[in-house]
Structure formats: structure tokens, C-alpha cells
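These are the residues of each chain, in order.
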Amino acid sequence: MRGDLSTPSDLVKEIIRELTRLETVPMAERSRDDDFSLPRMIDAGNGESLVVSRKLDEGIDRVAKRLMEDDPSLKPKFTQTEWRAIVRRAFGPALASIDLDHNLETNVSTVLTRVKKTANEYATGQGIREYAFGCTLFGGKDFKPFSIGPVLFEPRDVWLERKHQDGGISTLSRRRIESAWLGRKLRKRKPSFDSIAESDVIDAIGSCSFVCSVTIQDLASEAGRDKALMAARFATTSIALMWQVPSKALEGINLIFDRKPHRRKALTFIPGRGVLSGSSWSHPPFGPRIKPDEWESILTERADMFAVVGEVLDYVISPDGAVARPNMMSTLSHAFLWFHEGCRETSSHMAIVNLAASLDALACGRKSGGIRTLINARLKMDDDKPIRPGGLTVKEAIDRIYSDGRSRSIHGNNRELGNDWSDTKALAEQFARLCFLLCLDWVANNPNCDDPAQLRLSAN
């Protein structure tokens, strides 16, 4: 439900009235009631500026919000901050173009038309952007580049050569970046756009052996970066699914954008013994060790599954969601989101909450009963059968994960919160991993199905 029912015209009318009022207010008094100490200004074009009030500035924000609400196609393409900045830039020249003595309704129409025209030009002129992130993928050398849908993984020297060939990195910068990667100290360069770009590359890739690149089309800069990061994280998560304990693999598979290895220290004070300290690495500096030919075999054997993951990633970065199976891809995207967060969590309680949410997404929000139906269909395990000899049944295990671990923790009545939940976390991760893999396999084998409910209803 809309919180503000004013039309864009109503809002622009308020802005023009405020601008007219400001004409009678001395410059020094326009910010008297404003907690922002400097005068508020917007660019009016041709090197000119308009000094505005807080009320006028907030009015522009309301117009930006209304325009986005009236056109939902804008929401995937821009962050709210980006869209507000675009509309704000459009308002300056539009307001400067009118004569405040003219008819108010005419001025409203003129300003609103110009703002919409300028904003729409931004909305349709985003083009193509390629985002690159340093990545600690595998331990070892001699890996070939590979793609999962729109996400490309390359050894950093291969990536550097490609970006040099397409003109993204100059010859001089390329040589210096290679030297930096060899550990050599670089001579200081004269400041320039090229030297800044060189430093940015060195900082963004760091000591990572791989680069993860995502090409985005028709999205604004920040929105594009956010979606590229999401696609990259989901791609690394799909790689981690190949290991029996994905969370362990993801300790070493990281985007440097998200986190860098660092030493962690904790102090312990024991009466009569003084200070004890212990330290450990936050996480490994590289991913799991695997030979290049072994990884090539996995890519070949799991080609159908990775093709489905590629579909999911195409959906994630799509500016309009216009993919072949949007309902199925939406469900899988939600499952990836929660599974990734669950594997990244250091708290067993929060990991269980997120892993249970991943299972719930695959079960289309049908809670514990739906998750059991999903397990019945995909894992071929009945509710009353023990998951291992002498162990919990499927029903008991899911009740422990979903009802005790997830729901009670969320609702604030988990009486075992202070206990160690690592065994339940491991159980939740294994159920989530197996269900995820088998759901991806089912989607690959049913290429025309766009009904995610079939993941738990279809037994074939």
C-alpha cells in the first residue's frame, strides 16, 4: 500500500511553490531550520546552481520515490540512492527553465515533462558493464578459464591478458601489475587516470590467483555491482556444492570484495595464571585443493546442473526478469541466497536458520511439512525412516532443524540457545545440500517446467 498518495504533479506543484517562497527569503536565512549547516544546492546546468531548502530537497526525493513506484521496471535497474540522484540532477535544469510568474499548472507540466525525459534517458542508456572481483577459488595452478552462465572465472594472468587485449588495461599498467604480483616493489608513477586505474586493479585483485568477472547490461552502476556480486556469490556457492561440506569449501572460496584473510586473537584471563592468548587465521587464503583435470571432469559430469545454475544467474542479473523459467529461477535464487548465507555463518544458530530457509524456499514456503515432502520426493526418504541406523527419523530430524532450531530461535523461545548446535547445523547443511543438488538435477531434466511446486510434488 502506498504511504503517499500524492501524484507526481501534486508533488512538483509543492516544489514550485516552495521555490517561489524562497525568492522572498534572504539567502542567509534559507537554511535557518536545517540541520545541514551548508546551503543546499542543486546543479541547474550551464555552470549555474539553485540554492534550495530542506523542504524542496525532500520534495524532490518524494517525486523520485513516486516515479519509481509508478514504474516498477525501474526497481531492478537502479538502487534507490542512484535513482534519487538522477531525479535530483534532472530537477535543476527543469526548475531553472521556468518563469515563476507564469501559470502554476503550466510550470508544473513543463518541469515534470523535463524531469521524466531526462530521467528516462538515464534509464535507457546504461549499456554494458563488466565487474571484476579478486577470487580465492582453488589451491593449485594451471586451471583453465570456465563460465557458469554469465559468471567467468579466470586465472589472473589470463584475465590480465584479456583486459589488455580489449583495451581495459594499458601496456604499461599491465607490466607493472605483473611485477606487483611477483612481489616486486613498484616505482611511484606520476598521477594520472592510468596510474589510478593500475592501483585499483592491484587493490581489487590483491593476492588472489583468480578473477571472477560478471558482465551486466542495462543496469545502473551500483545496482549492476550489487547484482554482479550476488551472481558471483551464487556461482561460488554452486562450486562449493561439489564438496560434501560446502561451508568448509567456502571458507577458502571467497571474493576479496567480501573478506580478506587476517589473524584473529583472543585474550583469556585465568586467576593466578595471567594472560593467555591464542590466534588463528580467519579463513584459508585459498580454496580447496583440486587438480585441474579433476575439476574439468566435474564440469563435464555436472554440465547439466551448472547449465541450470547459469539460468539462475541470468535471472539474477536480468534488468527485467524476462528469462525462460522465471518462477523456477526465482525459487532457486531464493534457495541460493539462504544457502550461501547459511554456509557463511559462524554461529550455528544462525546457520540453521538460514539453511532451514533454503530448504523452505525449495519447498515453496510450505514449512516443515513441505520440507519433508521435498525430501520424500527428491531424496526418496520416508518420514518414519531413520536417516542413519539408530538415529533420528526424517520427521524427527526436520522437526529438530525447522521447529527447534529455526522457529524457536526466531521467536525467542529456544530454551537450548546456550547449548552447542553444531551437530544440528551439520545435519541441516547436509539435507540442504542434497536437496539442492537433486532439485537442480530435476530442473535440468525437466527443461519445460516453470512450476517450482513440482520439486516436492513430482517423485520422478
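Details of the structure are given in the entry above.
So, here's what we can say about the structure. Everything numeric here is computed off the predicted structure, so don't read it as measured data.

So, how was this worked out
- Residues numbered from 1 in each chain as written.
- Predicted model: local features only at pLDDT ≥ 70, side-chain atom pairs only at ≥ 80, totals over all residues.
- Heavy atoms only, no water.
- Axes fitted to C-alpha atoms, helices over the stretch in contact; angles between N-to-C directions.
- Helix = DSSP H or I, 4+ residues; strand = E, 2+ residues; numbered from the N terminus.
- Parallel < 35°, antiparallel > 145°, perpendicular 65-115°, else oblique.
- Contact = heavy atoms within 4.5 Å.
- Nonpolar A, V, L, I, M, F, W, Y, C, P; charged D, E, K, R; others polar.
- Pairing = 2+ DSSP bridges.
- Phe/Tyr/Trp six-rings, centres within 6.5 Å; stacked < 30°, edge-to-face > 60°.
- Buried < 20%, exposed > 50% of the residue type's maximum accessible area, 1.4 Å probe, protein only.

## Describing the packing of helix H8 (residues 221-240) against helix H12 (residues 326-344)
Where H8 meets H12, the closest approach of the two axes is 10 Å, and the angle between their N-to-C directions is 75 degrees. One way to sum up the angle between H8 and H12 is to call them roughly perpendicular. For the pair H8 and H12, the contacting residues are Arg 233, Phe 234, Thr 237 and Ser 238 in the first and Ser 333, Phe 336, Leu 337, Phe 339 and His 340 in the second. Classifying every residue of the contact of H8 with H12 by side-chain character gives four nonpolar, four polar and one charged.

## Details of the sheet that holds strand E4 (residues 146-148)
Here five strands make up an open sheet; going across it, the order is E4-E5-E6-E3-E7 and the pairing antiparallel. Unpaired on one side and paired on the other, E4 and strand E7 (254-255) mark the two borders of the sheet. Direction of pairing for strand E5 (residues 151-155) relative to strand E6 (residues 210-217): antiparallel, over a ladder of five bridges. Across the sheet, the residue bridging to Phe 153 is Cys 212, located in E6. Here helix H5 (residues 156-165) sits on the sheet in contact with strand E3 (128-136), E5 and E6, set at roughly 110 degrees to E5.

## Focus: the packing of aromatic side chains
Evaluation of the coordinates by the stated rule reveals 14 aromatic pairs. Centroid distance Phe 146 to Phe 153: 5.1 Å. Interplanar angle 25 degrees. Geometry classified as stacked. Of the two residues, Phe 146 and Phe 153, both sit in the buried class. Relative to Phe 306, the ring of Trp 295 has its centre 6.2 Å away and its plane inclined at 70 degrees; by these criteria the two rings are edge-to-face. On the criterion of sequence distance, the pair formed by Trp 295 in helix H10 (residues 292-301) and Phe 306 in helix H11 (residues 303-317) is long-range, its members being eleven residues apart. In this pair, the class of Trp 295 matches that of Phe 306, namely buried. Following the ring pairs from residue to residue traces out a cluster consisting of Phe 138, Phe 143, Phe 146, Phe 153, Phe 210, Trp 243, Trp 295 and Phe 306.

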